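# Structural characterization, general
Take a look at the letters that make up each chain.
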Amino acid sequence: DAMVIQNPRYQVTQFGKPVTLSCSQTLNHNVMYWYQQKSSQAPKLLFHYYDKDFNNEADTPDNFQSRRPNTSFCFLDIRSPGLGDAAMYLCATSRDPGYQETQYFGPGTRLLVL
Amino acid sequence: AQSVAQPEDQVNVAEGNPLTVKCTYSVSGNPYLFWYVQYPNRGLQFLLKYITGDNLVKGSYGFEAEFNKSQTSFHLKKPSALVSDSALYFCAVRVYSSASKIIFGSGTRLSIRP
């Protein structure tokens, strides 16, 4: 089945230690998104890629970076995680960035910062 | 500014009874509205969307939503609730100025008692 895959499902890191979360998709979608979700709150968009074009949200901290080496994979890098970065990180994809397009989400990676 | 509101943090319904999860929106231009469901420690699953056309939209798992332009609402409904419907539900709207961006409501926790 076509899907959005996130690994690992749970990630533990230390305060200030860089961490990378990964997302892959078999949907062949052009757009990939990263969201941060804290404590059952609404997901908050961090950034997205449309093909190779990177689009950062204005309020996303510089501590968060992303890479998309090819259509299938997208990575979220947190350069120096703080305690406040502990959250669920959701990857999503859509075929195109149009208004009608549905975003399909992966299962998420829960990040714990010690 | 575009926004979406879910006025109820929690909705409790007995199994077999009809359920409604409320959502109101504020957008510039035509609204593009979505409902997602999130089970514990999982990503968001797409339920249904309204783009244009019939005001009653049918989605997954027997859910439907009614678009009401005069009341700027998009309430989620199901005729007969199941215990397995217990989850966190998010209403979402496309941001008119950025087709890629979805704004989520704060979420409504639906609890179905046997």
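Data block above holds the structure.
No experiment lies behind these values; they were computed from the predicted model shown.

Let's shift gears to the overall build of chain B. Scanning chain B from N- to C-terminus turns up zero helices and 12 strands. The order of α-helices and β-strands along chain B, N terminus first, is β-β-β-β-β-β-β-β-β-β-β-β. Relative to a compact globule of 114 residues, whose C-alpha radius of gyration would be 13 Å, chain B shows 14 Å and is just as compact. Considered along the principal axes of its C-alpha atoms, chain B spans approximately 45 × 30 × 20 Å. Counting all 114 residues of chain B, 47% fall into the buried class.

Per the secondary structure count, chain A includes zero helices and 11 strands. When its helices and strands are written in sequence order, chain A yields β-β-β-β-β-β-β-β-β-β-β. Relative to a compact globule of 114 residues, whose C-alpha radius of gyration would be 13 Å, chain A shows 13 Å and is just as compact. On the principal axes, the C-alpha backbone points of chain A span a range of 40 × 30 × 30 Å. Residue pairs at least 24 apart in sequence account for 56% of intrachain contacts in chain A once pairs closer than 6 positions are excluded. Element-wise, carbon and sulfur atoms account for 49% of the exposed surface of chain A, whose accessible area totals about 5500 Å².

Next up on the list: the pattern of salt bridges. Opposite charge on two side chains makes pairing possible when the charged atoms of those side chains draw close. All names here are of chain A. Taken as a whole and judged by the stated rule, the model has seven salt bridges over all chains. Residue Asp-59 pairs with Lys-44 through a salt bridge whose shortest N-O separation is 3.4 Å. Placement of Asp-59 in the loop between β6 (53–56) and β7 (64–67) and of Lys-44 in strand β5 (residues 44–50) is noted, with a sequence separation of 15 residues between them.

This part takes up a nonpolar patch on the surface. Together, Val-12, Leu-112 and Leu-114 of chain A make up an exposed nonpolar region whose accessible area comes to about 290 Å². You can see Leu-112 of chain A is positioned in strand β11 (residues 109–113).

The next point concerns the interface of chain A and chain B. Listed by partner, the interface residues are 25 residues for chain A and 25 residues for chain B. Carbon and sulfur atoms supply 52% of the area buried between chain A and chain B, which totals about 2100 Å² over both sides. When residues of chain A are sorted by the area they lose upon contact with chain B, Tyr-99, Gln-100 and Phe-105 of chain A head the list and together hold 30% of the total. Where chain A meets chain B, there are six residue pairs in polar contact (both at pLDDT 80 or more).

With that settled, the discussion passes to the sheet that holds strand β3 (residues 19–25) of chain A. Residue and element names in this part refer to chain A. Spatially, the four strands line up as an open sheet ordered β1-β3-β8-β7, and their pairing is antiparallel. Of all strands in the sheet, those bounded by a partner on one side alone are β1 (4–7) and β7. Pairwise comparison of adjacent strand axes, ignoring direction, gives a mean angle of 20 degrees for this sheet. Here β3 pairs with strand β8 (residues 73–78) via six bridges, running antiparallel. Bridge pairing in β8 places Ser-22 opposite Phe-75.

The next subject is the state of the cysteines. Under the definition given, this model contains two disulfides over all chains. Here Cys-23 of chain B pairs with Cys-91 of chain B through a disulfide, and the sulfurs are 2.0 Å apart. The chirality of the disulfide connecting Cys-23 of chain B with Cys-91 of chain B is left-handed, given an S-S dihedral of about -60 degrees. Linking Cys-23 of chain B in the loop between β3 (19–21) and β4 (24–26) with Cys-91 of chain B in strand β10 (residues 87–95), this pair joins segments that are 68 residues apart in sequence. Each member of the pair Cys-23 of chain B and Cys-91 of chain B is classed as buried. No disulfide involves Cys-74 of chain A; its sulfur sits 6.1 Å from the nearest other cysteine sulfur, which is in Cys-91 of chain A.

Conventions we followed
- Residues numbered from 1 in each chain as written.
- Chains lettered and ligands numbered in written order.
- Predicted model: local features only at pLDDT ≥ 70, side-chain atom pairs only at ≥ 80, totals over all residues.
- Heavy atoms only, no water.
- Helix = DSSP H or I, 4+ residues; strand = E, 2+ residues; numbered from the N terminus.
- Rg over C-alpha atoms; globule rule 2.2 N^0.38 Å.
- Buried < 20%, exposed > 50% of the residue type's maximum accessible area, 1.4 Å probe, protein only.
- Contact = heavy atoms within 4.5 Å.
- Areas by Shrake-Rupley, 256 points an atom, 1.4 Å probe, with all protein chains shown as cover.
- Salt bridge = Lys/Arg side-chain N within 4 Å of Asp/Glu carboxyl O.
- Patch = residues over 30% accessible without salt bridge, like charges linked within 9 Å, V, L, I, M, F, W, Y side chains within 5 Å.
- Buried area = accessible area lost by both parts, 1.4 Å probe.
- Polar contact = N/O pair within 3.5 Å; in protein donor to acceptor, adjacent residues only side chain to side chain.
- Pairing = 2+ DSSP bridges.
- Axes fitted to C-alpha atoms, helices over the stretch in contact; angles between N-to-C directions.
- Disulfide = S-S within 2.5 Å.

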